Amino acid sequence: MTKLKGEHMSLFDKKKSQGVHPPGNKMASGKAIEPAPLPTQVVLPLSQHIGAPAKALVKKNDEVLVGQVIAEAGGFVSVPIHSTVSGKVKKIIQVISAVTSRVGDAVVIESDGKDEWVECTGADPNTLSKEDILAKVKDAGLVGMGGATFPTHVKLQPPKDKPIDSIIVNGCECEPYITSDQRLMLEHGEEILRGLSIMMKVIGCQRGYIAIEDNKPDAIQAMQALIPKLELPGNITVESLKTQYPLGAEKTLLKRILGREVPIGGLPMDVGVVVQNVSTLKAIHDAIYLGRPLVQRVVTVSGIVKEPKNLMARFGTSASDLIEFCGGALPDADEMIFGGPMMGIAQTSFDTPIQKGTNSVLVKKNTKKKETNCIRCGTCINACPMDLLPLMYPAYVKNKDYAVLNEYYILNCVECGSCTYDCPANIPLVQYIKIGKAEVAKLGVDK
Amino acid sequence: MSPEEINNADVADIKTDAQNNSSSGAINNSGEAVKSADGAINVPESAAKNQEGAINAPIEAIKSTGEAIKKLLKVSPAPHVHGHRDTNKVMFIVMLALLFPTAGGIYFFGLYSLFVVLVAVITAVLTEMVSKLLRKREFIMDYSAVITGLLFALILPPRIPLWAVAIGSAFAIAIVKEAFGGLGHNVFNPALAGRAFLAVSFAGMMTKWVAPVSSMTADAVSAATPLGENFVQTGTTQALYNDLFMGNVAGCIGETSALLILIGGMLLFIPGIIKRVIPVVFIGTVFLLTWLLPGEDPIFHVLAGGLLLGAFFMATDYVTAPLTTKGQIVFAFGAGLMVVLIRVFGSMPEGVAFSILLMNAFTPLIDRYTRPKPYGFIAPTKEEKKKEKEEADAKAKKEVEDAIAADEAKQEVA
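Because the structure is a prediction, the values reported are computed rather than measured. (Residues numbered from 1 in each chain as written. Chains lettered and ligands numbered in written order. Predicted model: local features only at pLDDT ≥ 70, side-chain atom pairs only at ≥ 80, totals over all residues. Heavy atoms only, no water.)

Enquirer: It is not clear to me how the overall build of chain A should be interpreted in this structure. Could you clarify?
Expert: Per the secondary structure count, chain A includes 13 helices and 17 strands. For chain A, whose C-alpha radius of gyration is 22 Å, the value lies close to the compact-globule estimate of 22 Å for 447 residues. When each of the 447 residues of chain A is scored for burial, the buried share is 61%. Sequence-distant contacts, at least 24 apart, represent 72% of the contacts inside chain A between residues at least 6 apart. When the accessible surface of chain A is split by element, carbon and sulfur atoms take 54% of a total near 16400 Å². The average position of the 51 basic charges and that of the 48 acidic charges among the side chains of chain A differ by 4 Å. (Helix = DSSP H or I, 4+ residues; strand = E, 2+ residues; numbered from the N terminus. Rg over C-alpha atoms; globule rule 2.2 N^0.38 Å. Buried < 20%, exposed > 50% of the residue type's maximum accessible area, 1.4 Å probe, protein only. Contact = heavy atoms within 4.5 Å. Areas by Shrake-Rupley, 256 points an atom, 1.4 Å probe, with all protein chains shown as cover. Lys, Arg positive; Asp, Glu negative; His and termini not counted. Charge placed at Lys NZ, Arg CZ, Asp CG, Glu CD.)

Enquirer: How should I be thinking about the pairing of strand S8 (residues 103–111) of chain A in this particular structure?
Expert: The side chains of a regular strand alternate, first on one face of the sheet and then on the other. All names here are of chain A. Two strands pair when backbone bridges link them, and strand S2 (residues 41–45) and S8 are joined in this way by five bridges, in the antiparallel orientation. Across the sheet, Gln41 pairs through a bridge with Glu110, a residue of S8. Direction of pairing for strand S7 (residues 87–96) relative to S8: antiparallel, over a ladder of nine bridges. The residue of S8 that forms the bridge with Ile96 is Val103. (Pairing = 2+ DSSP bridges.)

Enquirer: Any chance you could explain the sheet that holds strand S9 (residues 166–171) of chain A here in plain terms?
Expert: Residue and element names in this part refer to chain A. With parallel pairing, four strands are arranged side by side in an open sheet as S11-S10-S9-S12. Edge positions in the sheet fall to strand S11 (235–241) and strand S12 (273–277), since each of these pairs with one other strand and no more. The mean inter-strand angle of the sheet, taken between neighbouring strand axes irrespective of direction, is 25°. Where S9 and strand S10 (residues 207–213) come together, six bridges link them in parallel fashion. Across the sheet, the residue bridging to Asn170 is Ala211, located in S10. The strands touched by helix H5 (residues 217–230) are S10 and S11; relative to S11, the strand with the most contacts, the crossing angle is about 165°. Across the sheet, helix H6 (residues 250–258) touches S9, S10, S11 and S12, and the angle it forms with S9 is around 120°. (Axes fitted to C-alpha atoms, helices over the stretch in contact; angles between N-to-C directions.)

Enquirer: Would you take a moment to explain the packing of helix H1 (residues 130–139) of chain A against helix H4 (residues 189–203) of chain A for this structure?
Expert: Helix packing geometry: the angle between the two helix axes and the distance between the axes. All names here are of chain A. Packing of H1 against H4 brings their axes to within 10 Å, and their N-to-C directions diverge by 125°. Between H1 and H4, the interaxial angle falls into the category oblique. The hand of the H1/H4 crossing is left-handed. Listed contacts from H4 to Lys130, Ile133 and Leu134 of H1 are Ile198, Lys201 and Val202. Its residues assigned to classes, the contact of H1 with H4 shows four nonpolar, no polar and two charged. (Parallel < 35°, antiparallel > 145°, perpendicular 65-115°, else oblique. Left-handed = near helix turned anticlockwise from the far one by under 90°. Nonpolar A, V, L, I, M, F, W, Y, C, P; charged D, E, K, R; others polar.)

Enquirer: I would appreciate a short explanation of the nonpolar core in the present structure.
Expert: Nonpolar side chains in soluble globular proteins generally cluster together in the buried interior. By size, the foremost hydrophobic cluster in this structure holds 80 residues, and its most contacted members are Leu98, Leu156, Ile160, Phe282, Leu308, Phe312 and Phe313 of chain B. Here this core gets eight residues from one element, more than from any other, and that element is helix H8 (residues 144–154) of chain B. Ranked by size, the runner-up nonpolar core spans 59 residues in total, among them Ile109, Leu134, Leu156 and Ala283 of chain A. (Core = buried A, V, L, I, M, F, W, Y, C linked by side-chain atoms within 4.5 Å.)

Enquirer: Explain a negative patch on the surface to me, please; I cannot follow it from the model alone.
Expert: Side chains of Glu383, Glu384, Glu388, Glu390 and Glu391 of chain B sit close together on the surface and give a patch of like negative charge. By relative accessible area, Glu384 of chain B is classed as partly exposed at 45%. (Patch = residues over 30% accessible without salt bridge, like charges linked within 9 Å, V, L, I, M, F, W, Y side chains within 5 Å. Salt bridge = Lys/Arg side-chain N within 4 Å of Asp/Glu carboxyl O.)

Enquirer: In this structure, what is going on with a positive patch on the surface? I would like to understand it.
Expert: Together, Lys326, Lys373, Lys382 and Lys385 of chain B line one region of the surface with positive charge. Mapped onto the elements, Lys385 of chain B comes out in helix H18 (residues 382–413).

Enquirer: I would appreciate a short explanation of a nonpolar patch on the surface in the present structure.
Expert: A grouping of Leu111, Leu114, Phe115, Leu118, Ile122, Leu126, Met129, Val130 and Leu134 of chain B is seen on the molecular surface, where their side chains present a nonpolar patch of about 810 Å² in accessible area. Counting through the fold element by element, Phe115 of chain B comes out in helix H7 (residues 111–134).

Enquirer: Mind showing me how you'd approach the packing of aromatic side chains here?
Expert: The geometry of two aromatic rings is summed up by the distance between their centres and the angle between their planes. Taken as a whole and judged by the stated rule, the model has seven aromatic pairs over all chains. When the centroid spacing of 5.1 Å and the interplanar angle of 75° are considered together, the rings of Tyr107 of chain B and Phe108 of chain B count as edge-to-face. Overall, the relative accessible area of 10% leaves Phe108 of chain B in the buried class. In this structure, Arg292 of chain A is placed above the aromatic ring of Trp117 of chain A, and the distance from its NZ or CZ to the ring centre is 4.9 Å. (Phe/Tyr/Trp six-rings, centres within 6.5 Å; stacked < 30°, edge-to-face > 60°. Lys NZ or Arg CZ within 6 Å of the ring centre and 35° of its normal.)

Enquirer: It is not clear to me how the environment of Val108 of chain A should be interpreted in this structure. Could you clarify?
Expert: Along the polypeptide, Val108 of chain A turns up in strand S8. If we skip the residues at most four places from it in the chain, Val108 of chain A touches Gln41, Val42, Val43, Lys88, Val89, Lys90, Lys91 and Ile93 of chain A.

Enquirer: Looking at this model, I keep getting lost on empty space enclosed by the protein. Mind explaining?
Expert: A probe matching the size of a water molecule, rolled over the atoms, marks out where space remains unfilled. Residue and element names in this part refer to chain B. Overall, the coordinates contain seven cavities of 30 Å³ or more when judged by the stated rule. Quantified by volume, the largest cavity comes out at close to 370 Å³. In terms of lining, the largest cavity is formed by 23 residues, of which the most central are Met91, Val94, Ile147, Asp317 and Tyr318. Listing elements by their share of the lining of the largest cavity, those giving two or more residues are helix H6 (87–109), H8, helix H10 (190–201) and helix H15 (307–314). Sorting elements by how many residues they give to the lining of the largest cavity places H8 first, with four residues. The residue makeup of the lining of the largest cavity, split by class, is 16 nonpolar, five polar and two charged. (1 Å grid on protein atoms, 1.4 Å probe; cavity = no way out; pocket = protein on both sides within 12 Å on 5 of 7 lines; lining within 4 Å. Points joined across faces, edges and corners; volume = space filled by probe spheres on them.)

Enquirer: Looking at this model, I keep getting lost on helix H11 (residues 237–246) of chain B. Mind explaining?
Expert: Counting along an α-helix, one turn takes 3.6 residues, and residues three or four places apart therefore face a common direction. Residues and elements named next belong to chain B. Of all the positions in H11, only Leu240, Tyr241 and Leu244 are classed as buried. For H11, the buried positions fall inside an angular range of 100° around the axis, keeping them on one side. Buried residues in H11 make contact with helix H12 (258–269) and helix H14 (298–303). (Arc of directions from axis to C-beta.)

Right, dumping it as structure tokens:
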């Protein structure tokens, strides 16, 4: 047995697992990306990213084109929103963001079916300055498309005192069901690598790792074959990693590849690393080479639908449209999740529009079981990739004893859900932790 | 809540709770959110219909893609999938594993042992039912009471009166387990504590031992346990080892046969229910210490008495053992040390039960000092530690001074 990078062995028991192994269920992995039918109406929330919501620039009955800015960035940590169809603004309504769960404005645009684009002019990144590239990235509305939706232009400008030596391209896709990144690597590998190249230029680092789990050998092969062909500057390698959830979490990923640990409460940039999702890199490529703003993404529609597919869908398309395009949901479906089954967010309606961070629409049957007493079996401790004691949190949260939570490093939790997945007592540990984290953050503010 | 009661805000709350971001909705309703974990919340159709476009696009806009799409969705917190692990399954396998030593006990000590086992198990389950009723909690048949009953019976002398079995079993469940909050909250191993209770209450009957019987119905002949002072070794050492290994010696119902306990232990190892560390360190410590002590036979000490049963089935009890591997090593070493001290230097012939109970009491302390260092933990430097200590001292000092000042102010007013 080869020892994996960054894993430690203990004397008596098998190595601490640092995660769990949910069944992959990558049902759509063999399906090429197809364009989803143009929606007749899109609902575009103005807060599809972490940070300040965008400010609406359009009003009722305005005519818009595809790619036209309908809302400008609301601050430095914010990005503009573009129309994803051509047509007329129908109204501005209030919605709960499917990704950030905040209530905010959303622009409803009725499509005229013509799909007319604004003029997009691409450029060669070699002729552009760093500032130009950053401006273009921001204007294109790029955010981290792995699900965290952090504005990309902010990530591309690490503070001066934190030199970056490596960029890790996250193609792990450790969540079950989702295959959007895998298909993107197979079909748009060149764009991803060119996007990486742009990123390495902007950040000024020479080392790029492309991290892919070994349950996607086709993607590993495709990327490995592409690298010598493109003759990109810098040193870019493909890292084939043993499949394990949550390897795609940036902190576990960079520990596995580089053996570094991000300090508690820190970011990957604190140890000289930037982690970027493959979809984001493709978007960077499109924004620079084609001048195209971010209006669509690959969404895996999977679970109990007739025919799981990978769709190139415009933002604002209602999930029910996509499900319908996949032949509809099977009769016992009673739950729809945006994202993967481990960290995704359950939606209240099939009509929820997909957004920048929506990598998957998962239709499934709810299988929640009743919570029973903790028997202190320690399974959660073994499953936790952050070496925490998840079982300690529920009691303190229930008793509102929030100050103690800090002693158990609750803020270090990445909310991956491994502990809850393996808990024999069906305790929703992550849920308790999320409540506890919010309360601890409040305590911090009070002080 | 009925559909009528739900208005926009409620739907928003439900959604925020379920999605548990750090916005205020989730926190104000933290109690709700915790509750919601039991089962998914249904969002009533009427509520969604009433508010045109307020939450999501109106429900009329749903395309007619069949029944499923019109159905209401359930919202529950992530993760939305669950592994195969289940408390009931774990308990069931432990119960199966325990049946090996139980069967051995009935074989070696006659049919009466079966009655002891039955009385212990039935009393345990009934006591649990009654306790749950008194505590107004739901009774769940999760085999944990069965395991307590079984374990308790296995560490009793073969000819103990059945009424004593019932008293001990009821004590184990009602006082040691349920009074502390039920499954997962007990400080001591209930079966061991039940035995300790009987040992101090009815010392006489707890030290009456019989020789293994040749047939199921034969009369019992009193005999000394191998660890007892009156025990006389008749054959060769090799023959004694054989008897100890097979279980052909006097002792508690389930502790005599090393072979059957090992088979049961393997049943727990293979699916990963217990970790190796506690039995290995516990037995290893006893072996090593008795090997170092002059005049003691380490193999005899490992095979005789309740060490194997205790090491595999009692010390490994999740609830009363430390959480981390480091803590478990400390725990098992402490228990091993206590066993040797009691057996070799103490007044009692056997000490497995008391040594495990003693270490149970230390478990919270061990847990406190063996917390794992989390990912990204950077140990504070000496200077930082010193500073932290100074700050804490200053704070404590200030608190005391404040309290004194407040006290004085009070007295002045008075």
